[in-house]
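Reading the structure
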Amino acid sequence: MIRLDIFSDPICPWCYIGKALLDRALETRPDHPFAIEWHPFQLNPEMPPEGMDRRTYLETKFGSRQAAAEAYTRVQGAAEAAGLEIDLAAIERTPNTLDAHRLIHWAGLEGRQTPVVSALFRSYFREGLDIGDPEVLADIAGRCGMDRALTLRLLASDSDREDLAARDADARAKGVRAVPTFLVARRHVVPGAQPVELWQQVIDELAGQDGADA
């Protein structure tokens, strides 16, 4: 197997789109060699723990309501092209995502990381849920086969909080500036939401290399 490390944030629309495009490529190459691992990167590391009103966040980030609308028109178009349903109007709050990243980390210990990442994206972008809310996160954990009560207790503690924040900071120190960022075989960096065809080419080239090595 070949490591495919993915740096992302579950409130990043381009991460959601990038995952959808990667998934489509993997479906066409069921014998792909990738062992996928998800890593933390917070779009808003200084976000208050309780998050903030979505409209206020967007207008602050983009400078005006019009600029925010234009940016998200592009997102909506790219999502539709990737076959995704996104209901941006349903999102009322922009959360702090450190707890979501803690959940992704714990899911990885149980071999449930990608299902939890998928559920976080759906909950936020399709259902408009506040994925900074411990109850919402515990529900997601339970739906993905994790222990809901244990997850809620862990979220109420500081378990792995410093470690996840440190991993986020380390990614930035090593040059990750935006997400999604993909790292193939711990050597090759692939930035951004890439088309299905690129991932198919990468997989085919890796398969060819394995054949040559054999």
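Quick look at the structure, then. (Residues numbered from 1 in each chain as written. Predicted model: local features only at pLDDT ≥ 70, side-chain atom pairs only at ≥ 80, totals over all residues. Heavy atoms only, no water.)

1. Observations concerning the packing of helix H1 (residues 13-28) against helix H5 (residues 113-125)
Look at H1 against H5: their axes get within 11 Å of each other, and the N-to-C directions meet at 130 degrees. Regarding the angle of H1 to H5, the classification is oblique. You can see that H1 and H5 cross each other, and the crossing is left-handed. Taken together, the residues of H5 that come into contact with H1 (itself represented by Pro13, Cys15, Tyr16 and Lys19) are Thr114, Val117, Ser118, Phe121, Arg122 and Phe125. Taken together, the residues of the contact of H1 with H5 break down into six nonpolar, two polar and two charged. (Axes fitted to C-alpha atoms, helices over the stretch in contact; angles between N-to-C directions. Helix = DSSP H or I, 4+ residues; strand = E, 2+ residues; numbered from the N terminus. Parallel < 35°, antiparallel > 145°, perpendicular 65-115°, else oblique. Left-handed = near helix turned anticlockwise from the far one by under 90°. Contact = heavy atoms within 4.5 Å. Nonpolar A, V, L, I, M, F, W, Y, C, P; charged D, E, K, R; others polar.)

2. A short note on the nonpolar core
In terms of nonpolar packing, the biggest core is built from 62 residues, with Phe34 and Trp199 touching the most fellow members. Take this core: its biggest share by element is eight residues, from H1. Setting aside anything within four residues of it in sequence, one finds Trp199 in contact with Leu4, Leu22, Ala25, Phe34, Phe182, Val184, Val190 and Gln194. (Core = buried A, V, L, I, M, F, W, Y, C linked by side-chain atoms within 4.5 Å. Buried < 20%, exposed > 50% of the residue type's maximum accessible area, 1.4 Å probe, protein only.)

3. Examining the packing of aromatic side chains
Applying the stated criterion across every chain yields a total of seven aromatic pairs. On the numbers, 5.4 Å between centres and 15 degrees between planes, the contact of Tyr16 with Phe125 is stacked. Placement of the pair is Tyr16 in helix H1 and Phe125 in helix H5, with a sequence separation of 109 residues. Across this residue pair, the class does not change: Tyr16 and Phe125 are buried. Seen in terms of ring centroids, Tyr124 and Phe125 are 4.9 Å apart; in terms of plane orientation they differ by 85 degrees. Their pairing is edge-to-face. (Phe/Tyr/Trp six-rings, centres within 6.5 Å; stacked < 30°, edge-to-face > 60°.)

4. Thoughts on the packing of H1 against helix H3 (residues 65-81)
The N-to-C vectors of H1 and H3 enclose an angle of 15 degrees; their axes lie 10 Å apart at closest approach. Judged by the angle between their axes, H1 and H3 are roughly parallel. By crossing handedness, the relation of H1 to H3 is classed as left-handed. Contacts between H1 and H3 involve Pro13, Trp14, Ile17 and Arg24 from the first element and Tyr72, Arg74, Val75, Ala78, Ala79 and Ala81 from the second. Counted by class, the contact of H1 with H3 contains eight nonpolar, no polar and two charged residues.

5. Structural notes on the pairing of strand E1 (residues 2-8)
Of all the seven residues making up E1, six are buried; the element is thus mostly covered by neighbouring parts of the structure. Relative to strand E2 (residues 34-40), E1 is paired through seven bridges, and the arrangement is parallel. Across the sheet, the residue bridging to Ser8 is Pro40, located in E2. In this fold, E1 hands off to H1, which returns the chain to E2; that crossover is right-handed. (Pairing = 2+ DSSP bridges. Right-handed = clockwise from strand over helix to strand, strands pointing away.)

6. Thoughts on helix H8 (residues 161-173)
Spanning 13 residues, H8 covers 19 Å between terminal C-alpha atoms, matching the ideal 18 Å at 1.5 Å per step. All buried positions along H8 are accounted for by Leu164, Asp168 and Ala171. For H8, the angular spread of the buried residues around the axis is 60 degrees, confining them to a single face. Exposed and oriented more than 90 degrees from the buried face of H8 are Glu162 and Ala173. Next to the buried residues of H8 lie E1, E2 and helix H4 (98-109). (Expected span 1.5 Å × (residues − 1). Arc of directions from axis to C-beta.)

7. Let's talk about unusual backbone geometry
Most peptide bonds take the trans configuration, and most residues that are not glycine carry a negative phi. In this structure, the amide linkage connecting Val179 to the following residue, Pro180, adopts the cis form with an omega of 5 degrees. The backbone of Asp160 sits at a positive phi, close to 65 degrees, despite the residue not being glycine. Tracing the sequence through the fold places Asp160 in the loop between helix H7 (148-155) and H8. One non-glycine residue with positive phi stands out, namely Ala185, at about 55 degrees. In this fold, Ala185 is placed in the loop between strand E5 (181-184) and strand E6 (188-191).

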